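A look at the structure
Given next are the chains, with one letter for each unit.
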Amino acid sequence: MNKSDKKEPLLKVENIKKKFGQNEILKGVSLEVKKGEVAVILGPSGSGKTTFLRTINFLEKADSGIVNLGGIRVDSARPIKKTVLELTKKTAFVFQNYNLFSNMTVLENVMAGLTIARRVNKREAEKIALEALDWVNLSDRLDYYPSKLSGGQQQRAGIARAIALNPDIILFDEPTSALDPELVGEILQLIKKVAEKNITMIIVTHEMSFAREVADKVYFMDGGVVVEEGSPEEIFFHPKEERTRLFLSRFVSLEPEYNI
């Protein structure tokens, strides 16, 4: 499902570096995503995937590197607060641990991103939130608090919150990692449904079959760098780097006759 063409990327991230103390987590990571594309980031735990994802919308400030989203350019070493705010308004983030407000209902959680971050009036925010919650099949849980929801329902609420913002790009940080195994499939199907809406996404995941099916481009990270990037066909069946092959061999067969 390659949507690539000659147009400029919607998102261009260049040479992102990040240290925690003396520990160098990101050693110069770059990525490009065109409008409507789905980029998937794979890699072992501790490879820097989540940290990198968080630096894109400044949930985590990188030490250096450039983030350019839809023409809004931010130098991570010298970020200007107003410009960072403009950039973050074009993004939405889906967390692995849901990050819902425990003292708010499902409806209030989805509305909060609109009323607080986007300054949408309450009536309009409620209309948008109701539509998003209906789309993720949570219309029967509007008045429930997060503690009364299953993990899958909480993540659906998190995805509804992201969609309601109508962002240029949605960033998914291992959206199924905190779920019981029987709930993983429903969330993956929902994310696939989001992809079919031609919404630009970056997804950090360990779900290899899902990555093969949904991705336009795959990035394999290890040790704070991008080891290899390419199409799902290239990465899963014809990886060039031995480190990529070793990682994937634990999850999938690299036989090319697999039907993507």
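Please read all numbers here as calculations on a predicted model, not as lab measurements. (Residues numbered from 1 in each chain as written. Predicted model: local features only at pLDDT ≥ 70, side-chain atom pairs only at ≥ 80, totals over all residues. Heavy atoms only, no water.)

Before going further, it helps to spend a moment on helix 1 (residues 49–56). Among the eight residues of helix 1, six are classified as buried, and the element is accordingly described as predominantly covered. Within the span of helix 1, buried status applies to Lys-49, Thr-51, Phe-52, Leu-53, Thr-55 and Ile-56. With its phi angle positive at about 65 degrees, Phe-58 sits one or two positions after the end of helix 1. (Buried < 20%, exposed > 50% of the residue type's maximum accessible area, 1.4 Å probe, protein only. Helix = DSSP H or I, 4+ residues; strand = E, 2+ residues; numbered from the N terminus.)

Here the focus is the nonpolar core. Of all hydrophobic cores here, the largest spans 53 residues; its most connected members are Leu-42, Leu-133, Ile-159, Ile-170, Met-201 and Ile-203. A per-element tally of this core places helix 6 (residues 181–195) first, with eight residues. Core analysis: the second largest hydrophobic core is formed by 30 residues, Val-29, Ala-39, Leu-171 and Val-204 among them. (Core = buried A, V, L, I, M, F, W, Y, C linked by side-chain atoms within 4.5 Å.)

What follows deals with the packing of aromatic side chains. This structure, assessed with the given rule, holds two aromatic pairs. Centroid distance Phe-93 to Phe-95: 4.6 Å. Interplanar angle 45 degrees. Geometry classified as tilted. Accessibility classification places Phe-93 together with Phe-95 in one group, the buried group. Considering the side-chain rings of Phe-220 and Phe-247, the 5.0 Å spacing of their centres and the 35 degrees angle between planes classify their relative orientation as tilted. Residue Phe-220 is located in strand 9 (residues 217–222), and its partner Phe-247 is located in helix 9 (residues 242–249); the two are separated by 27 residues in the primary sequence. For Phe-220, a relative accessible area of 1% translates into the label buried. Across from the ring centre of Phe-236, 5.5 Å away, lies the NZ or CZ of Arg-212, which sits over that ring. (Phe/Tyr/Trp six-rings, centres within 6.5 Å; stacked < 30°, edge-to-face > 60°. Lys NZ or Arg CZ within 6 Å of the ring centre and 35° of its normal.)

The next thing to look at is the environment of Gln-22. With respect to the element layout, Gln-22 can be found in the loop between strand 1 (11–20) and strand 2 (23–33). Given a relative accessible area of 76%, Gln-22 falls into the exposed group. The spatial distance from the C-alpha of Gln-22 to the C-alpha of Asn-103 is 38 Å, given a sequence separation of 81 residues.

Here helix 3 (residues 106–117) crosses helix 5 (residues 151–164) at 30 degrees, and the two axes come no closer than 9 Å. If you check the angle between helix 3 and helix 5, you find them roughly parallel. Crossing hand, helix 3 versus helix 5: right-handed. Touching Val-106, Asn-109, Val-110 and Leu-114 of helix 3 are Ala-157, Ala-160, Arg-161 and Ala-164, all from helix 5. Here the residues of the contact of helix 3 with helix 5 are counted per class, giving six nonpolar, one polar and one charged. (Axes fitted to C-alpha atoms, helices over the stretch in contact; angles between N-to-C directions. Parallel < 35°, antiparallel > 145°, perpendicular 65-115°, else oblique. Left-handed = near helix turned anticlockwise from the far one by under 90°. Contact = heavy atoms within 4.5 Å. Nonpolar A, V, L, I, M, F, W, Y, C, P; charged D, E, K, R; others polar.)

Looking at the secondary structure, you find Ser-76 in the loop between strand 5 (72–75) and helix 2 (81–88). In this structure Ser-76 touches Ile-16, Phe-58, Lys-61, Ala-62, Asp-63, Ser-64, Gly-65 and Val-67, once residues within four positions along its chain are discounted.

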